[in-house]
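Geometric and topological summary
As a plain string of letters, each chain reads:
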Amino acid sequence: MSATDTLASSRPADLPVAAPAMGVVAAGIDPSDELELPAPKRMVVQYRTGADKVRVLNLYYGDKDVSFDDPAFFAFGETLARQSRFRAGAACGWGSGYAWDAVAPLLLDLLEAGILVRADASVATPALFEDRTRPSPLPPAPAVRARSWTDCAAITQELTGRAVDPGHLELIVPMFRIAHIAVDRDGRQVGEANVFPRALRLEAPTEWLACTYPGTRYRSDRPMNATALKAMRTHWPQMMSVLLAIRSAFLKRFPEAADGWTVGHVERLAALVLAVPTYALVRCDQPVATGDLHPVLSSVFRVTDGLRMAMHQMMFVPVGEPTVAPETRVTVDDILDYAERNHAFHSETGVCAGPRIMVREFAETLILGSTAARYADEPLDAAVADALSAVEAAFDYGLLAMRAHAALFAVWPATARAYRALAAVALPEASPDAARTRNHLAARMTELEHATYLGREDWCADRERAYDDMYVWCGRGLGRDDRLPARGDAPPDAALVARVDAAIRAARDFGSGPDDPVPALAAAIADYLVRERALLTSAAAAQDRVNDRLGRAAPARAFASADVDIHNRLQGVERPRLPYLLDDLADLFGIGLSTSREGIEIGAAQGTPPRWNSAGAVPAGQQH
């Protein structure tokens, strides 16, 4: 028996358990001892086959992950998961039978880890009919009135200090988050407890209950939103009918998915489900007003967003288990198993309120279409049918918006590489400016490596691959065949490096001579500027097409570096992380840098930039 070693995880740390030492009787446990598994419903049992083709039995229990790689002990693990209370010696009779000197060390390890407890030390099991009501996990809502992204400039000015034109909306707020602040006919925001931005969350009467579903959610410290669950139960048949219709439209654009779903296909499908209600809200021709969104559409959004986030986690979160390439084939069982063992049913504030049977029916309906006979002909309310009648326009909008998102967010791996390149430059010992720069960059590298998902080159490469896949496949759904600009497509020319070099020398003194670090610093910065400009050019072109599709006016100014970090500023500053690179360079080197598709600007820094957390720099579940 062994455990997988991980750096960190969206599910908490794995449990290192030693393999049994045959022939050695463990002290501290007797066959007559009574043991308990305090919450057997929390135990999740999964078999997995790794890259080495070895089949492993995993038991997930709360924050513990125990794996059995010896088939002789599979029966031990499976039987353990079904226990509530047992005599230690009874474990010798599990499966085809085990010697006590093999079983005792395993039981001791499980006791030490807190998975098992001695019966005389166990906590009383909650009463069958206990009051499951729980207090709200949320702080008081900060907003007092509903807002709409038609007020984009006013909202961004209030929350970030910089007004951003609505013509840049899908660049600063990913399409899959735009509907969050909208209010449906039930008076509830689409984003519920997870509204983005948090500053725009409204108070809403909500019943919070302890979760009693089997699995990792069982009696979690975080409650479930029973009010949202009631709405889904009310509208479930129409919701399933909507999902079937969207699935059918998706397969017309992406017929390859019918031959085998990939992680990228499922993530794209989920995003396009969200595009249907979002398009209804943002289209310029007869948009749905906030407060008038049909609850079927808001409920479809909420349940599908959970799937989208799980797929995002697979591709972008490299802890707990390695990221999964977007072209990897995936089944419904694969997705549900991944979500369970990686705590994807958990958020910062609560757990998924859907029982397993509803979760599975939702996934099988959307991905497999397996409930068509039951739900395909379900009558739809007029507002729901109206939204579905625009599914092709919604798909165009969603695919274009996702291309804009992929191009812009590909900036963050480039940011990480630039920090690494700058930190690798040898700086002279004598210069005070060099010493300050060395200390500053060393601190940034610590943040990069320990507080972000960009701390390793392979993580950056995986993230770039996922964004490129998103950009390419969304383009194919629009009849386009192009990729994101690749690294090295347009290396900086000598003139740009010279301009950066001169700007640094005008503001800082690093000395001179053979150890002069400025040329290397200038080259690293120029390389980043060229990369950022190329990506912003692709992002802005996709945003132009979004605006054309919506009939939205073009923005008055170009999207530029000063706008890149607005998405992160909208999140707030509760957990500041790695600053946006060009803001940081303004402070560090005293130079003002800006890129847009119109060019690259270099000058003296203007004031001290604010410190905001950057994308890819927050724990799983917070940055999607």
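Look up a bit, the structure's there.
Residues numbered from 1 in each chain as written. Predicted model: local features only at pLDDT ≥ 70, side-chain atom pairs only at ≥ 80, totals over all residues. Heavy atoms only, no water.

Another point: empty space enclosed by the protein. In total, this model carries two cavities of 30 Å³ or more according to the counting rule given. There is about 40 Å³ of room inside the second largest cavity. Lining the second largest cavity, in full, are Met-315, Phe-316, Pro-318, Thr-323, Tyr-453, Trp-459, Asp-462 and Arg-463. Elements that contribute at least two residues to the lining of the second largest cavity include exactly helix H8 (295–316) and helix H16 (457–476). A class-by-class count of the residues in the lining of the second largest cavity yields five nonpolar, one polar and two charged. (1 Å grid on protein atoms, 1.4 Å probe; cavity = no way out; pocket = protein on both sides within 12 Å on 5 of 7 lines; lining within 4 Å. Points joined across faces, edges and corners; volume = space filled by probe spheres on them. Helix = DSSP H or I, 4+ residues; strand = E, 2+ residues; numbered from the N terminus. Nonpolar A, V, L, I, M, F, W, Y, C, P; charged D, E, K, R; others polar.)

A separate point is the packing of aromatic side chains. Throughout the structure, instances matching the rule amount to 14 aromatic pairs. Where Tyr-279 meets Tyr-397, the ring centres are 6.1 Å apart and the plane angle is 45 degrees; that geometry is what we call tilted. Within this pair, whereas Tyr-279 is found in helix H7 (residues 263–282), its partner Tyr-397 is found in helix H13 (residues 391–409), the two being separated by 118 residues in sequence. By the burial criterion, Tyr-279 is buried, and Tyr-397 matches it. Each ring, one from Trp-412 and one from Tyr-580, has its centre 6.0 Å from the other, and the planes form 75 degrees; the classification is edge-to-face. Highlighted residues: Trp-412 in helix H14 (residues 411–423) and Tyr-580 in the loop between helix H20 (566–571) and helix H21 (581–589), separated in sequence by 168 residues. With a relative accessible area of 3%, Trp-412 lands in the buried category. (Phe/Tyr/Trp six-rings, centres within 6.5 Å; stacked < 30°, edge-to-face > 60°. Buried < 20%, exposed > 50% of the residue type's maximum accessible area, 1.4 Å probe, protein only.)

Alignment of strand S2 (residues 44–49) against strand S3 (residues 55–61), held across six bridges, turns out to be antiparallel. Across the sheet, Tyr-47 pairs through a bridge with Leu-57, a residue of S3. (Pairing = 2+ DSSP bridges.)

Judged by pairing direction, the sheet is antiparallel, and its three strands sit side by side in the order S7-S8-S9 without closing on themselves. Across the chains shown, the open sheet's two edge strands, defined by having one partner strand only, are strand S7 (133–134) and strand S9 (224–225). As defined by bridge partners, S7 adjoins strand S8 (residues 208–209) across two bridges and the pair is classed as antiparallel. Each bridged residue has a counterpart across the sheet, and for Thr-133 the counterpart in S8 is Leu-209.

Moving on to the pattern of salt bridges. Applying the stated criterion across every chain, the model contains 45 salt bridges. Between Arg-360 and Asp-333 there is a salt bridge, with its nearest N and O atoms 2.7 Å apart. Taken together, the residues Arg-360 in helix H10 (residues 356–368) and Asp-333 in helix H9 (residues 332–341) connect sequence positions 27 residues apart. Judged by relative accessible area, which is 31%, Arg-360 ranks as partly exposed. The salt bridge partner of Arg-597 is Asp-544, with a shortest N-O separation of 2.8 Å. Taken as a pair, Arg-597 in the loop between strand S10 (591–596) and strand S11 (599–604) and Asp-544 in helix H18 (residues 518–550) lie far apart in primary sequence, 53 residues in all. Relative accessible area serves as the criterion here: at 34%, Arg-597 is assigned to the partly exposed category. (Salt bridge = Lys/Arg side-chain N within 4 Å of Asp/Glu carboxyl O.)

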